[in-house]
Number of protein chains: 2
Amino acid sequence: MNVFHVQFTNSESKYKQLTDHIKSLIVKGSLPHHYKLPSIRKLSTFLNVNNVTIVNCYKTLEQDGYAYTIHGSGTFVIADNNLIDTNEGYSESTVFGDVKYDFITSSPSPTFFPVKAFKGLLNDVLERDGGFAFNYQEAGGYLPLRQSLRELLKGYKINVPHQYVHIISGGQQGLDIIAKTLLSEGDFVFTEEPCYPGAMATFSSRGAKTVGIPVRNKGMDLQILEDRLKKFNPKFIYVMPDFQSPTGYQYDLAHRRKLLDLASKYNTLIVEDDHFSDLNYSINKIPPLKALDTENIVIYIKSFSKVFMPGLRLALLVAPPIFNTPLIEAKQFSDISTSGFLQRAFDLYLRKDLWQEHVNKVKKVYQSRCLTTISALEKRLPSSVMFTKPTGGLCVWIQLPPHICADDIANLAKQHGVGILPGDDFFIDRKQNFFRLSFTTMAEKDIEAGIEILASIIKGTLK
Amino acid sequence: MNVFHVQFTNSESKYKQLTDHIKSLIVKGSLPHHYKLPSIRKLSTFLNVNNVTIVNCYKTLEQDGYAYTIHGSGTFVIADNNLIDTNEGYSESTVFGDVKYDFITSSPSPTFFPVKAFKGLLNDVLERDGGFAFNYQEAGGYLPLRQSLRELLKGYKINVPHQYVHIISGGQQGLDIIAKTLLSEGDFVFTEEPCYPGAMATFSSRGAKTVGIPVRNKGMDLQILEDRLKKFNPKFIYVMPDFQSPTGYQYDLAHRRKLLDLASKYNTLIVEDDHFSDLNYSINKIPPLKALDTENIVIYIKSFSKVFMPGLRLALLVAPPIFNTPLIEAKQFSDISTSGFLQRAFDLYLRKDLWQEHVNKVKKVYQSRCLTTISALEKRLPSSVMFTKPTGGLCVWIQLPPHICADDIANLAKQHGVGILPGDDFFIDRKQNFFRLSFTTMAEKDIEAGIEILASIIKGTLK
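Residues numbered from 1 in each chain as written. Chains lettered and ligands numbered in written order. Predicted model: local features only at pLDDT ≥ 70, side-chain atom pairs only at ≥ 80, totals over all residues. Heavy atoms only, no water.

In the annotation of an unreviewed UniProt entry, the entry for chain A reads PLP-dependent aminotransferase family protein, and the organism field reads Alkalicella caledoniensis. In the Sequence similarities (unreviewed entry) part of its UniProt record, chain A is described as follows: "In the C-terminal section; belongs to the class-I pyridoxal-phosphate-dependent aminotransferase family." (UniProt positions renumbered as here; feature names shortened; annotations may be inferred.)

**Q** How do you make sense of the overall build of chain A when you look at a structure like this?
**A** Looking only at helices and strands, chain A has 15 helices and 16 strands in total. A compact globule built from 463 residues would reach a C-alpha radius of gyration of about 23 Å, and chain A, at 25 Å, matches this within 12%. When the 463 residues of chain A are sorted by exposure, 63% land in the buried category. Taking the contacts inside chain A whose residues are at least 6 apart along the sequence as the reference set, 72% of them involve residues at least 24 apart. Accessible area of chain A: about 17,800 Å², with a carbon and sulfur share of 50%. (Helix = DSSP H or I, 4+ residues; strand = E, 2+ residues; numbered from the N terminus. Rg over C-alpha atoms; globule rule 2.2 N^0.38 Å. Buried < 20%, exposed > 50% of the residue type's maximum accessible area, 1.4 Å probe, protein only. Contact = heavy atoms within 4.5 Å. Areas by Shrake-Rupley, 256 points an atom, 1.4 Å probe, with all protein chains shown as cover.)

**Q** Just to check I follow, could you spell out the domain arrangement of chain A for this structure?
**A** Note on interface size: it is often stated as the accessible area lost on association of the parts. Along its sequence, chain A is organised into domain 1 (2–77), domain 2 (101–106 + 357–462) and domain 3 (131–352). Summarising the inter-unit geometry, the C-alpha centres of domain 1 of chain A and domain 2 of chain A are found 37 Å apart. (Domains from an automatic or database assignment.)

**Q** Would you take a moment to explain the interface of chain A and chain B for this structure?
**A** Counting from both sides, the interface comprises 87 residues of chain A and, opposite them, 87 residues of chain B. Roughly 7,800 Å² of surface becomes buried between chain A and chain B when both sides are summed, with 59% attributable to carbon and sulfur atoms. If you sort the residues of chain A by the area they bury against chain B, Phe134, Tyr136 and Phe333 of chain A come out on top, with a joint share of 10%. The interface formed by chain A and chain B contains six salt bridges. Glutamate 127 of chain B is the partner of lysine 119 of chain A in a salt bridge, and the nearest nitrogen-oxygen pair spans 2.6 Å. In this structure, the connection of chain A to chain B is made through 19 residue pairs in polar contact (both at pLDDT 80 or more). (Buried area = accessible area lost by both parts, 1.4 Å probe. Salt bridge = Lys/Arg side-chain N within 4 Å of Asp/Glu carboxyl O. Polar contact = N/O pair within 3.5 Å; in protein donor to acceptor, adjacent residues only side chain to side chain.)

**Q** Looking at this structure, I do not really get the pattern of salt bridges. What am I missing?
**A** Charged atoms that come close allow side chains of opposite charge to pair. Inspection of the entire model under this criterion finds 50 salt bridges over all chains. Of the charged contacts in the structure, one is a salt bridge between arginine 256 of chain A and aspartate 242 of chain A, with a shortest N-O distance of 3.0 Å. With arginine 256 of chain A in helix H9 (residues 253–265) and aspartate 242 of chain A in the loop between strand S8 (236–239) and H9, the pair connects residues that are 14 residues apart, well separated along the chain. Aspartate 242 of chain A carries the same exposure label as arginine 256 of chain A, and that label is buried. Of the charged contacts, one joins aspartate 129 of chain B and arginine 128 of chain B as a salt bridge, the two residues approaching to 2.8 Å between their closest N and O atoms. Each of Glu62 of chain A together with Arg128, Asp129 and Arg344 of chain B takes part in salt bridges that share partners, so that together they form one network.

**Q** Which parts of the structure should I look at to understand the packing of helix H11 (residues 324–335) of chain A against helix H6 (residues 171–182) of chain B?
**A** Relative orientation and spacing of two packed helices are given, respectively, by the angle between their axes and the distance between those axes. Between H11 of chain A and H6 of chain B, whose axes approach to 5 Å, the crossing angle comes to 100°. Between H11 of chain A and H6 of chain B, the angle falls in the class roughly perpendicular. Seen from H11 of chain A, the contacting residues are Gln332, Phe333, Ser334 and Asp335 of chain A; seen from H6 of chain B, they are Gln172, Gln173 and Asp176 of chain B. A breakdown of the residues in the contact of H11 of chain A with H6 of chain B according to their chemical character gives one nonpolar, four polar and two charged. (Axes fitted to C-alpha atoms, helices over the stretch in contact; angles between N-to-C directions. Parallel < 35°, antiparallel > 145°, perpendicular 65-115°, else oblique. Nonpolar A, V, L, I, M, F, W, Y, C, P; charged D, E, K, R; others polar.)

**Q** Help me out: how do you make sense of the sheet that holds strand S13 (residues 395–399) of chain B in this one?
**A** Backbone-to-backbone hydrogen bonds pair the strands of a sheet. The strands run either parallel or antiparallel. Residue and element names in this part refer to chain B. Pairing within the open sheet is antiparallel, and its four strands lie in the order S12-S13-S16-S15. Either end of the sheet is taken by a strand with one partner, and the two such strands are strand S12 (386–387) and strand S15 (421–422). As paired elements, S13 and strand S16 (residues 434–438) share five bridges and run antiparallel to each other. Across the sheet, the residue bridging to glutamine 399 is phenylalanine 434, located in S16. (Pairing = 2+ DSSP bridges.)

**Q** I keep staring at the sheet that holds strand S11 (residues 315–318) of chain B and nothing clicks. Help me out?
**A** All names here are of chain B. On the basis of which strands lie adjacent, the open sheet formed by eight strands has the order S4-S11-S10-S9-S8-S5-S6-S7 and mixed pairing. For this open sheet the edge positions go to strand S4 (165–168) and strand S7 (219–220), each flanked by a neighbour on one side alone. Where S4 and S11 come together, four bridges link them in antiparallel fashion. When the sheet's bridge partners are listed, isoleucine 167 is paired in S11 with leucine 316. Packed on one face of the sheet, helix H5 (residues 143–154) meets S4, strand S10 (298–303) and S11 and runs near 115° to S4. Sheet strands in contact with helix H7 (residues 197–205) are strand S5 (188–193), strand S6 (209–216) and strand S8 (236–239), and its direction is about 160° off that of S8.

**Q** Would you mind showing me how to read the relation of the copies chain A and chain B here?
**A** The operation relating the two chain copies consists of a rotation about an axis and a shift along that axis. For these two chains of identical sequence, chain A goes onto chain B by a turn of 180° and a shift of 0.0 Å along the axis, with RMSD 0.3 Å. In symmetry terms, the pair is related by a two-fold rotation axis. Most of the interface of chain A is mirrored in chain B: 100% of its interface residues are interface residues there too. (Least-squares fit on C-alpha atoms with pLDDT ≥ 70 in both.)

**Q** What is the right way to read the environment of glycine 141 of chain A from this model?
**A** Residue and element names in this part refer to chain A. Position of glycine 141 among the secondary structure elements: in the loop between helix H4 (115–129) and helix H5 (143–154). When the C-alpha positions of glycine 141 and serine 337 are compared, they lie 7.0 Å apart, and in sequence the two are 196 residues distant. Those residues in contact with glycine 141 that sit more than four places away from it in its chain are Arg146, Ile167 and Gln343.

**Q** Can you walk me through the nonpolar core in this structure?
**A** With 158 residues, the main nonpolar core has Phe341 and Trp355 of chain A together with Phe341 and Trp355 of chain B as its most contacted residues. Here this core takes nine residues from helix H13 (residues 354–380) of chain A, the largest share from any one element. In this structure tryptophan 355 of chain A touches Leu152, Tyr156, Asp278, Phe304, Val307, Phe308, Phe346, Tyr349 and Leu350 of chain A, once residues within four positions along its chain are discounted. In terms of nonpolar packing, the next biggest core, distinct from the first, is built from 51 residues, Ile178, Leu262, Ala263 and Leu289 of chain B among them. (Core = buried A, V, L, I, M, F, W, Y, C linked by side-chain atoms within 4.5 Å.)

**Q** Would you mind showing me how to read the environment of aspartate 353 of chain B here?
**A** Of note, aspartate 353 of chain B is situated in the loop between helix H12 (340–351) and helix H13 (354–380). Residues aspartate 353 of chain B and threonine 181 of chain B, 172 residues apart in the sequence, show an inter-C-alpha distance of 34 Å.

**Q** Where do I start with the packing of aromatic side chains in this structure?
**A** Two measures describe an aromatic ring pair: the distance that separates the ring centres and the angle between the ring planes. By the definition in use, this model includes 47 aromatic pairs over all chains. With a centroid separation of 6.3 Å and 15° between ring planes, the pair formed by phenylalanine 346 of chain A and tyrosine 349 of chain A is classed as stacked. Residue phenylalanine 346 of chain A and its partner tyrosine 349 of chain A are both found in helix H12 (residues 340–351); the two are separated by three residues, about one turn of the helix. Since its relative accessible area comes to 1%, phenylalanine 346 of chain A is described here as buried. On the basis of relative accessibility, which here comes to 2%, the residue tyrosine 349 of chain A falls in the buried class. When the ring of phenylalanine 190 of chain B is compared with that of phenylalanine 232 of chain B, the centres are 6.1 Å apart and the planes differ by 80°; the resulting orientation is edge-to-face. Taken as a pair, phenylalanine 190 of chain B in strand S5 and phenylalanine 232 of chain B in the loop between helix H8 (222–231) and S8 lie far apart in primary sequence, 42 residues in all. Feature note: the residues Phe113, Phe118, Phe304, Phe308, Phe346, Tyr349 and Trp355 of chain A together with Phe134 and Phe341 of chain B constitute an aromatic cluster, connected by ring pairs. (Phe/Tyr/Trp six-rings, centres within 6.5 Å; stacked < 30°, edge-to-face > 60°.)

**Q** Whenever I open this one, H7 of chain B confuses me. Can you help?
**A** Residues lying three or four places apart along an α-helix face the same way, a consequence of the helix completing one turn every 3.6 residues. For H7 of chain B, the set of buried residues is Pro197, Gly198, Ala199, Met200, Thr202 and Phe203 of chain B. On its buried face, H7 of chain B is in contact with H11 of chain A together with H6, S5, S6 and S8 of chain B.

**Q** When you look at the side chain of threonine 19 of chain A in this model, what are you seeing that I'm missing?
**A** Residues and elements named next belong to chain A. Positionally, threonine 19 belongs in helix H1 (residues 14–27). Note on threonine 19: relative accessible area 2%, which makes it buried. The residues contacting threonine 19, other than those within four sequence positions of it, are Cys57, Thr60 and Leu61.

**Q** What am I meant to see in helix H6 (residues 171–182) of chain A here?
**A** All names here are of chain A. Across its twelve residues, H6 extends 17 Å between first and last C-alpha, which sits within 8% of the 16 Å expected from 1.5 Å per residue. Most of H6 sits inside the fold, with eleven of its twelve residues counted as buried. Taken as a whole, H6 has its buried residues at Gly171, Gln172, Gln173, Gly174, Leu175, Asp176, Ile177, Ile178, Ala179, Lys180 and Leu182. (Expected span 1.5 Å × (residues − 1).)

**Q** I keep staring at unusual backbone geometry and nothing clicks. Help me out?
**A** Trans is the prevailing form of peptide bonds, just as negative phi is the prevailing case for residues other than glycine. For the bond from serine 245 of chain A to proline 246 of chain A, the omega torsion is 15°, close enough to zero to count as cis. Mapping proline 246 of chain A onto the fold places it in the loop between S8 and H9. Of note, asparagine 267 of chain B is a non-glycine position whose phi angle comes to about 60°, a positive value. Topologically, asparagine 267 of chain B is positioned in the loop between helix H9 (253–265) and strand S9 (269–274).

This is the structure:
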């Protein structure tokens, strides 16, 4: 027990000092791997501190990868000689340092996840199916879930037999299997510009060349699209018509119809990526392209990551009949199938009508954060800085004057505890004067405070 | 209630007659989607049959996709106008008709899955992490699990820092991200012949050409390998040194060392696929290639699907340092990350030392089935039919005389209730006179009975 003794100073909080002390014990090898740390009660008595100090300490050790907890058993040491930063590569999961105002994260707050309901469903699945829940699943997906999703899609005016509804391990996998099915070295793909970087990376990993078509308030620039369609012969046009990432733009009905007409006229396909249509804060509902697709030229991906939780890794893909088998084969040779266990739990979730309830709940929260963001930007930003005013989704897209570099602003902002995402990754030609502001995980007072700081940094730079 | 009335005959079991009746009600639309079927008690009273009849009927309806059960609520109809066969494409999960003796399935029996223990762990994870368990995960994997697996790998004499241990969504995904990282149009890959078809399909989907190297009792034919290495310049050699699928062959130490030497001499990589090393029934343990790999030329995949359960979709990949980042990027653009929730549960499973216990348990069962299979084959098969005698894994590989076609045997066998897997898919040139016999899900008396039938069919064909 004596190794845990700390001579507390007033320089920092006690839990922080204790955490640092235990970390150093682990790093220098004084506490072996799987060593059981003292109970909270014991250690708080020994150190003569409040229970909460120990709780916070153990929680921090865990978050930082120095310990793990087994419920009912205690907290145990993770002693590894190679404790390193694990944030390799680009990822939305990247831990964004210690920023107080995080406008970077665009995945839903874990606190919104319906843990209790979902736990009940997981247990129901295990009760009902036992080990069968962990067997191989058909590559197309667990039949009852495909049928539930078919029902769900009717609410979006998409009416297809369930055998064209494929269960995939998240929206990104949808892009991957589409790329595998349709793209070869040297093919062209049209994307919106700006565009989600994960899509561009997937297409170019198949050797395809990406041509960007500017996206505006009501949708893709159709004149430029037609000009380029005359010159190139793209395999498909990749679009996000509802609250496009990163801009938040929504295509109006006229743009949707015209886009379908052009694709048909120039004999190309459309890949429709629906991450955000459920987070529509206006009363104006516009049907997805797939619902308007009379010629079967739209491949539709619907992700549940932004509304539900990304860690489920579940999405759906609706395939035109002629691509049904090749897409299932591509899925099979990618990961055989998506976890049948999670498919079964999600199926029950839908069958118990919990989905719409959850959507309504989170939509209310995000809508309010969206309005707060827009009104704070209107109030604080100088007039030379432009920004979108989305009526759905989780982000606002900001355009700085051409001579200002978003990277510089991001660095300055970070020093003041504000995290923003520079926009160059969203452009083929890496434009420097844009950034994305996501309000997904921010409380409204923090949105206001963060934007105030950000605006003053921008103003300072503009001087 | 009257619609459920059945005039039972003696032709078939009552549960089967009732099942067919309810299916026909569903197909013709008499029972709508989500219709709640009568309780077991009510229906058994109404029909004057045993409870078990209703239980079996409802279970069959569910398995066949006509109903779903919500624990505590009842059984509900799945009414879909498009109820079709969902077994699109090749899949180990394919339902193999009504064969009584299934020598096709090579995925573990769901009844072996430690449901109770795993259920406890899933609940522990939810208690501990709440919604955070469903957040995005680092592409490389959940840190504590990477550390647990690093510890586990030490038992296989593989000693690597955890940052080179990647969590992937099953072994097939490992092949996919390796192909994405290393292969372009026109590249060569060497595989064993025969070889797992899912690997060949993944490599060829990147436009690579596959060259087969015959595999024998002690490993790949090294003379042929070296001859081909002189002619081609493969990106890698794909091997399964432990109880190779489909033959069950295990490489001896000399073949392992020589293979590493040749790869090094001709400047190529090795992809080692470890599905079966845990199912080693002999006392002779040979270290994996990765453990002997002093030059960092082996990419190692370890699947947990064959020992644990495939539906978890969890495997690990050990990357040589120079491929670490590209492999993580390929993973990221494939599906961002593997379900963090299942990673957390599996991590606890390992930390509670339940893994080895489970391996020992199932190994005993499979070993006994393996011995029964081999001894039944020795007793029953005519001497012109050859077969492997594996000391590990889940399959025996059978070679018929050259003029006999395995497809014909499989068709005849199926008519007699025996399912076998013709081997042509395992060859680049689709050899016709081989088949695979898996004893994974078969009780020993069924193994004996099934092989007796099979042998008499083969003898009949040889006449």
